[in-house]
Structure formats: structure tokens, C-alpha cells
Amino acid sequence: MMFSLLEFIGEMRNQQIANNLCTILSMKLKKIIENGLMVNDALKKVLIFVFSCDTPAKSFILKTKGH
């Protein structure tokens, strides 16, 4: 099963907002990994193998240039 966890539309220029969102996302993912996820009345174990983001998002989060 694949889920789209987070999508941003438009430009986000405030690094503090990005940091807060990353912190919230990591806390929620940790909770889901530890406790599982209910899907159709069944508790599913969650494993994360990869994160994917486009170049502007990666550059923004890592505070680097994309080129």
C-alpha cells in the first residue's frame, strides 16, 4: 500500500514553517510505525522504505541550492 502523506502547493519561503512541518511529520510517522495503522478495521504494520521529494522541496529542507 502506498500513501501520499504530505503535499505542498505553491512556494513556501519560511524555513521555520518547514522545520515545524518536518517535526510534526516525523512525530506522527514515529507514532504510526510504533502503533500501526487501522485500515478497514484491521491493524496494519507500517514500514517506511523511502521518502521522495522533488528538487525544490529537497533543496528547501536541506537548505542547499538545487543546481
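Residues numbered from 1 in each chain as written. Predicted model: local features only at pLDDT ≥ 70, side-chain atom pairs only at ≥ 80, totals over all residues. Heavy atoms only, no water.

**Q** Break down the overall build of the protein chain for me, with residues and values.
**A** Along the protein chain, the regular secondary structure elements total two helices and two strands. Starting at the N terminus and ending at the C terminus, the protein chain contains elements arranged as α-β-β-α. Sequence-distant contacts in the protein chain: of pairs separated by 6 or more residues, those separated by 24 or more amount to 37%. Per element, the accessible surface of the protein chain, about 6,300 Å² overall, is 59% carbon and sulfur. (Helix = DSSP H or I, 4+ residues; strand = E, 2+ residues; numbered from the N terminus. Contact = heavy atoms within 4.5 Å. Areas by Shrake-Rupley, 256 points an atom, 1.4 Å probe, with all protein chains shown as cover.)

**Q** Can you break down a nonpolar patch on the surface residue by residue, with the values?
**A** Taken together, the side chains of Ile-33, Ile-48 and Phe-51 make up a nonpolar region of the molecular surface, amounting to roughly 280 Å² of accessible area. Within the secondary structure, Ile-48 sits in the loop between strand S2 (42–44) and helix H2 (55–62). (Patch = residues over 30% accessible without salt bridge, like charges linked within 9 Å, V, L, I, M, F, W, Y side chains within 5 Å. Salt bridge = Lys/Arg side-chain N within 4 Å of Asp/Glu carboxyl O.)

**Q** Please give an account of the confidence of the model for the protein chain that cites residues and values.
**A** Mean pLDDT over the protein chain works out to 75, with 73% of the residues at or above the 70 mark. At the level of individual helices and strands, the protein chain shows its lowest average pLDDT in H2, which scores 75, and its highest in S2, which scores 92. (pLDDT = per-residue confidence, 0-100.)

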